[in-house]
Amino acid sequence: NKFMLFLLKEKEFNKIQQQKYLSINETWSYGLGCFVISSKEWETDIIYHGGDVDGYASSLTLYPEYDLGFTILTNYGEGQVVGNTFKKIENMITKSILTKEAKE
């Protein structure tokens, strides 16, 4: 995903997009086109954008501090069901990769 790689690579440029412009609650803020989530678990900000329409859903999650990003796509769009499933998959990937990095 070229867009994801660009967002991870061009850190100076992307400070504009990843800056918190609107606070939603204690954890979630809105940046320029993406949510900025303050993760206490990973002690970093997570950049997130997702959505679904007409039976398709997608999720883009970035951990810029760790140079980690992943995209999940599906042709099953059931709103909250897909969102919860994406969250479980994202948590499994993140824990697997970042826990492994911490041990090395």
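Just so we're clear, the structure is a prediction, and the values are computed from it rather than from any experiment.

With that settled, the discussion passes to the sheet that holds strand 3 (residues 35-39). The six strands are arranged 1-2-3-4-5-6 in an open sheet whose pairing can be described as antiparallel. Every interior strand has two partners, whereas the edge strands, strand 1 (22-23) and strand 6 (68-74), have only one. Where strand 2 (residues 28-30) and strand 3 come together, three bridges link them in antiparallel fashion. Counterpart to S29 in the pairing with strand 3 is V36. Strands in contact with helix 1 (residues 2-9) are strand 5 (56-63) and strand 6; relative to strand 5, the strand with the most contacts, it is inclined by about 20 degrees.

Let us look at the packing of aromatic side chains. Throughout the structure, instances matching the rule amount to four aromatic pairs. Between W28 and Y48, the aromatic rings sit 6.3 Å apart at their centres with planes inclined by 80 degrees, giving edge-to-face as the arrangement. Here Y48 lies in strand 4 (residues 44-53) and W28 lies in strand 2, a separation of 20 residues in the sequence. According to the relative accessible area criterion, W28 is partly exposed, its value standing at 30%. Judged by centre distance (5.0 Å) and plane angle (80 degrees), the rings of Y30 and F35 are edge-to-face.

Together, I16, Y21, L22 and L32 make up an exposed nonpolar region whose accessible area comes to about 430 Å². By the element assignment, I16 lies in helix 2 (residues 11-18). When its relative accessible area of 48% is taken as the criterion, I16 is described as partly exposed.

What follows covers the side chain of S29. Take S29: it is sitting in strand 2. When residues no more than four places from it in sequence are discounted, the contact partners of S29 are K20, L22, S23, I24, C34, F35 and V36.

The next subject is unusual backbone geometry. Of note in this structure, E43 is not a glycine but carries a positive phi near 50 degrees. Relative to the helices and strands, E43 resides in the loop between strand 3 and strand 4. Residue classification places E43 among the exposed positions, given a relative accessible area of 67%. One non-glycine residue, D67, lies in the positive phi region at around 50 degrees. Looking at where D67 falls in the secondary structure, it is placed in the loop between strand 5 and strand 6. Note on D67: relative accessible area 53%, which makes it exposed.

So, on to helix 2. All of the buried residues along helix 2 are N14, Q17 and Q18. Down the axis of helix 2, the smallest arc covering the buried residues is 85 degrees, so these residues share one side. Where the residues of helix 2 are buried, they touch helix 1, strand 3 and strand 4.

Thresholds, definitions, all that
- Residues numbered from 1 in each chain as written.
- Predicted model: local features only at pLDDT ≥ 70, side-chain atom pairs only at ≥ 80, totals over all residues.
- Heavy atoms only, no water.
- Pairing = 2+ DSSP bridges.
- Helix = DSSP H or I, 4+ residues; strand = E, 2+ residues; numbered from the N terminus.
- Contact = heavy atoms within 4.5 Å.
- Axes fitted to C-alpha atoms, helices over the stretch in contact; angles between N-to-C directions.
- Phe/Tyr/Trp six-rings, centres within 6.5 Å; stacked < 30°, edge-to-face > 60°.
- Buried < 20%, exposed > 50% of the residue type's maximum accessible area, 1.4 Å probe, protein only.
- Patch = residues over 30% accessible without salt bridge, like charges linked within 9 Å, V, L, I, M, F, W, Y side chains within 5 Å.
- Areas by Shrake-Rupley, 256 points an atom, 1.4 Å probe, with all protein chains shown as cover.
- Salt bridge = Lys/Arg side-chain N within 4 Å of Asp/Glu carboxyl O.
- Arc of directions from axis to C-beta.

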